[in-house]
Every structure is written in structure tokens, then in C-alpha cells.
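# Chains, contacts and geometry: an overview
Here is what each chain is made of, one letter per residue.
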Amino acid sequence: MASLITAKAIMSHHHVLSSTRITTLCSDKAIDNQQRKTKLQISHRFFSRRTISAAVINSASPVPKKETVEDERRCHVAWTSVQQEKWEGELTVQGKIPTWLNGTYLRNGPGLWNIGDHDFRHLFDGYSTLVKLEFDDGRIFSGHRLLESNAYKAAKKHKKLCYREFSETPKPSRSNFKNPFSGVGEIVKLFSGESLTDNANTGVIRLGDGRVMCLTETQKGSILVDHDTLDTIGKFKYDDGLCDHMIHSAHPIVTETEMWTLIPDLVKPGYRVVRMEAGSNKREVVGRVKCRSGSWGPGWVHSFAVTENYVLIPEMPLRYSVRNLLRAEPTPLYKFEWCPNDGAFVHVMSKLTGEIVASVEVPAYVTFHFINAYEEDENGDGKATVIIADCCEHNADTRILDMLRLHTLRSSHGDDVLPDARIGRFRIPLDGSKYGKLETAVEAEKHGRAMDMCSINPLYLGLKYRYVYACGAKRPCNFPNALTKVDIVEKEVKIWHEHGIIPSEPFFVPRPGATHEDDGVVISIVSEENGGSYAILLDGSSFEEIARAKFPYGLPYGLHGCWIPKH
Ligand SMILES: CC1=C(/C=C/C(C)=C/C=C/C(C)=C/C=C/C=C(C)/C=C/C=O)C(C)(C)CCC1
Ligand SMILES: [Fe+2]
């Protein structure tokens, strides 16, 4: 009974708990080891079909630092760690789920930002937390669970940070303080990838063969999961010897038949373009492109784009910096440095031959997410003359990275401090020209000068397309607080917003048999100002609400998701 009450309290009164901390909950001696293992049957009306598992995140965390308690007490649930390791149950639906929507939406993202007495600094540091929405004949069965990466398991066991995360480096052990060779050891551990995290908190993809994989930017952070139970299955073992290059793009491009990704080379600055067949674990190197800039490191490549015949490789002036990678304390740009004087480039590689068919200099840019790209045949003779590539572009301003520090997110209330972003459109001529263009596709004011976390109809991948779904803004805000549908042909924008919300990436699922690009639904998970959260379903065409389903507790902000259809 005691555990029943504890679990109910944990799950149904998040805003009461937001003034307590996860650490306080976790040191609750009422939850003993036996209770931890107990599956709790909850009589709450939301949880009719499934049972709820209560698990303790960290049982012996000391009282947190005052500054952070203040931060979390006042902060939005979007930036508050999940209150328990896992939960599962049915959600009550308001509205009507389309009967054709059968399958699972899976979302990944950082969801736990403290371990032991250590509070993470940056949004991207948090431990991966999967959230699922299983649509089944008009009902939604949901759940969340922390991913059992080695980084998370080690942190739980030792009650401290054990691997290098996005902005954090573990403190050297006492014995290493006095060791004059420990610096060399750290370099070896970094370049062998040993000290890097496998906390796959960035995205989740469904490979063509049905396997579901969580990802981050370290190759060792490619982890297979069961999309139904959210169990961690284990590491995805690349069977090709390319892992020694440590990092890769967090956003491979996946179709039913293949997967493309980029592997930056920190030693000889450049990128390998690799392809993996569905059903295989072996990536083949299709080609390599050398960086054009004189700077030491390659440009950061969080994502990239493809057309039918080409792979676009961005070389952004925000570059990996080995010096910053080695530093224990975070630098203003973390593991990166801003080198606009060395130029910004986009390279185009043939998918078939691996040849570089264009390499153009473009105005400086900062992008994390490419939206889509396609070939245009201006002469009408069937031969592509130009490539159009769209991305969420931060006006060549790196401040967005600092805006995503937890302290900043938690402490700005009502200030209009979110730096502007737009849909940046690259035009890359295929005639050997030296320069490409970068323009604003749609007047940014129309989507509140915020633009990130985008999706498109996946059937239009690499093809001429019209609609972008993304997070936009209703100003004033310190973070994108609206969902937006942008018609990039007619330059029209629709906005969906409610007061005090932080929505995650709007994910488009096409209706089977649809003949219009926007015939489908958009799924997002919304964190509310009052500490709650809900899943929202918008009509892909009208962008109006079709249905929503409230979670019995608050979920933090998440990053990217995928759709696993029910067969
Ligand atoms: C762990 C190491 C690294 C990790 C890099 C990671 C985890 C990068 C993640 C980047 C993400 C999640 C970018 C998302 C951007 C979202 C934006 C701008 C949203 C804006 C608002 O809507 C390396 C840095 C690769 C170094 C090695 C260690
Ligand atoms: Fe991303």
C-alpha cells in the first residue's frame, strides 16, 4: 500500500513535486528494494489496461545545491528531470484519433539532468529518455523509460558522471590528480573513444529491416531498443571497422532500403559518406570529401540532406575543435569553435559514384537541422542544374547553443530572449560555379522568428516538396513555444499555440493512400506551464487539433521521434 501511494503521488501530482526534487523522491526510504521491483497495479482511471512500474532513479543523492533547487522550483516542467525511471499506462483521449493511425510514435531526448550531487549544465547532456505513444484503434497506450546506456548505468552505479557528455567531462580521480601522465591518458581515451558517452539521447530511427535504434553523435551511442517495451536491447555493432572515427551525424537518412550517414574525420579534416543496406550492419564508404577551410577541424555536422541522386555535405564555420574537446571545463562554444573567416561551404557528392560534383562557398550559416533538399532542372531537359536545400538556420549566430544551457532555460521568465531563426534556402548550382546562395525561404516574422525541430512528409524525402512542420514561436519567449506549418511555395504559415506550452518536434505521419502532401496527422508532446503534459494530434492540412491525451504527470522537452507502423 505504501508503494502504491508513493507511485500515485509521484505520477499524478507533478506540480506538487516540482518544488521537491527528484533526489528527494529518490532518497525516500519508504521505497525499499523489494518495492522497487514490484509492479504496481494502479486503480487510477487512466491506467485501465496496463500496469505501472515504479523504479528509483538514484537512491542516495545528497541534498542538492541551493542554486539548483531554486532553478528547478521555478522552472518549467520542460526542463525538469523525469520523476521516475519508467511508467506505462493508457491515456484518456479527448477528440477522435483517425482509425487509420495504428502504430507507435517513439520520441527520444534528454530527460534526466542530475546524477548523485552533480547537476548537468546543458540541455543536450541529459540521459536519454524514450517516450512512446502506441495508437491502437482509437486508443493511446503510452510510457516512458530511461535508456540503459553504459553512461547511464555507470552514473547510477557510481553516483557520478563517468563519461564525457556534450558539455561535461568527468572529474579526474584522486589518484590521477598527481599523475603527470594522466593528460596523455585522457588524450588516448578521447581518441580511442573510450571516454566518450554512449548516451544516445538525440534521436531514434526505424531501420528498413524494422530494427529501432537510438542515436547520438558518438558512434558507440547507437543503441537498439524494443519499441513496445522500451527495453534496451544492446549496442548496434557496426560490422565495418569505421567506428574508430568516433563520431557521426546524429541524423542518418533512413529509407526502407538503406541508410546514409556522414562520418567527420577530425584528424584529416573531411567527411566520409557512408551507406548501409537495410538488414546489414556494414556501412560502405561511398566517397570522401576534404574540408576546404584552412581551419584545423571539420565543420560540425549534426544533420545533412540528400536528393534523389546526391548527398549534400555541409561544412559549417562552427567547427569541431580538438583543443576544446580535450578541455575539462566547457568553453563558450563547448567542443566547437566559430571560424567565419575560414569560409562556409556546401559539397555535393554523387550517390552512385562518390564523386564530388559541386563544392561551393556560401554565406556563413549555423544549422543543426536540414529540412529537405531536391534537384531542379531549369532547362527542362531532364538534367539537374541546381540543388535546393532547406534548413533551420540561426542567422549565422551561435548564441542558440548558449540559450540551451539549463540555467538559462530555467531562469528566463517571459523575457523575449530567443535568438532569431529562419528557413534558410541554399541554391547550389551544378555548373561548376564557385559560389552558392543562401536566402530566407519565408519571411521569418510569420513563424515568430523561431524555426527548428522540423519534419516533412517522409514520402517527399529528396523530392520537390511544399510543407515544413516545425517549432516556431509566439513572442515573447525564451524557447520555441508554438507548432508551425510552413507552406514554402505559397509562403504562408499556420501557427498552433497555447499559453505557457513547450511543444516538442511536430512529427508528420502521412495517411496511407493519401494523394496530397499534407494529408496526414502531426504528433507532438507538449510540456505545460502547470507541470503537466499531453500528446497532441493536429490535422496535417488544417493544422487544427484533432485529439489530445493528457499524461498523468509532466514530461520534459524531447528531441526527435520516429513512426513504427503496425503491420
Ligand atoms: C558527447 C559528445 C558530443 C555530443 C554531441 C551531441 C550529443 C550533440 C547533440 C546535438 C543536438 C541535440 C542538437 C540539437 C539542436 C536543437 C536546436 C538548435 C533546437 C532549437 C530550438 O528549437 C560531441 C560534441 C560530438 C563531442 C564528443 C562528445
Ligand atoms: Fe537533431
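Predicted, not measured: the structure shown is a model, and the values here were computed from it. (Residues numbered from 1 in each chain as written. Chains lettered and ligands numbered in written order. Predicted model: local features only at pLDDT ≥ 70, side-chain atom pairs only at ≥ 80, totals over all residues. Heavy atoms only, no water.)

Coordination sphere of the iron ion (ligand 2), protein contribution only: His251 (NE2), His302 (NE2), His369 (NE2) and His560 (NE2), at 2.1 to 2.2 Å. With four donor atoms in place around the iron ion (ligand 2) and angles of 93 to 165 degrees between them, the coordination shape is irregular. Linear spacing of the donor residues for the iron ion (ligand 2) on their chain is H-x50-H-x66-H-x190-H. In this pair, His369 is assigned in strand E25 (residues 367-376) and His560 in the loop between strand E37 (545-550) and strand E38 (561-565), connecting sequence segments 191 residues apart. Residue His369 shares its accessibility class with His560, and that shared class is buried. (Donors = N, O, S within 2.8 Å, 3.2 Å for Na, K, Ca; no water. Tetrahedral: all angles 85-135°; square planar, octahedral: opposite > 155°, others 65-115°. Helix = DSSP H or I, 4+ residues; strand = E, 2+ residues; numbered from the N terminus. Buried < 20%, exposed > 50% of the residue type's maximum accessible area, 1.4 Å probe, protein only.)

Further remarks concern the site of ligand 1. Looking at ligand 1, there are 21 residues lining it, with Phe124, Thr216, His302, Phe368 and Pro480 nearest. In isolation ligand 1 exposes 710 Å². Once the protein is present, 98% of that is buried. Those elements giving two or more residues to the shell around ligand 1 turn out to be E25 and strand E29 (452-455). Among the residues making up the shell around ligand 1, the classes are represented as 11 nonpolar, five polar and five charged. (Near = heavy atom within 4 Å. Areas by Shrake-Rupley, 256 points an atom, 1.4 Å probe, with all protein chains shown as cover. Nonpolar A, V, L, I, M, F, W, Y, C, P; charged D, E, K, R; others polar.)

Below, the discussion takes up the pattern of salt bridges. Tallied over the entire structure, the rule returns 36 salt bridges. For Asp209, the salt bridge goes to Arg211, with nearest N and O atoms at 3.0 Å. Since its relative accessible area comes to 24%, Arg211 is described here as partly exposed. Here Glu445 and Arg449 are joined by a salt bridge, their closest N and O atoms 3.3 Å apart. (Salt bridge = Lys/Arg side-chain N within 4 Å of Asp/Glu carboxyl O.)

When the UniProt feature table is mapped onto this chain numbering, "binding site: Fe cation" (unreviewed entry) sits at His251, His302, His369 and His560. A compact arrangement is adopted by the annotated residues: their sequence extent is 310 residues, whereas the largest C-alpha distance between any two is 12.6 Å. With respect to the element layout, His302 can be found in the loop between strand E18 (283-290) and strand E19 (305-306). Note on His302: relative accessible area 10%, which makes it buried. The contacts of His302, once residues within four sequence positions are left out, are Thr202, Glu217, Ser249, Ala250, His251, Phe368, His369 and His560. Other than its neighbours up to four places away in sequence, His560 contacts Leu106, Arg107, Asn108, Thr202, Gly203, Val204, His251, His302, His369, Met453 and Glu505. (UniProt positions renumbered as here; feature names shortened; annotations may be inferred. Contact = heavy atoms within 4.5 Å.)

This part is about helix H6 (residues 150-158). What H6 keeps buried is the set Ala151, Tyr152, Ala154 and Ala155. Buried residues of H6, seen end-on, are gathered within an arc of 165 degrees and therefore sit on one face of the element. Elements in contact with the buried residues of H6: strand E6 (110-112), strand E7 (114-115), strand E9 (127-136) and strand E10 (139-146). (Arc of directions from axis to C-beta.)

Another point: the sheet that holds strand E32 (residues 492-496). Here we have four strands laid out as an open sheet, ordered E29-E30-E31-E32, and antiparallel in their pairing. Either end of the sheet is taken by a strand with one partner, and the two such strands are E29 and E32. The sheet shows a mean angle of 25 degrees between the axes of neighbouring strands, taken without regard to direction. Relative to strand E30 (residues 467-472), E29 runs antiparallel, the two being bridged by two bridges. Among the inter-strand pairings, Asp452 is bridged to a residue of E30, identified as Cys471. (Pairing = 2+ DSSP bridges. Axes fitted to C-alpha atoms, helices over the stretch in contact; angles between N-to-C directions.)

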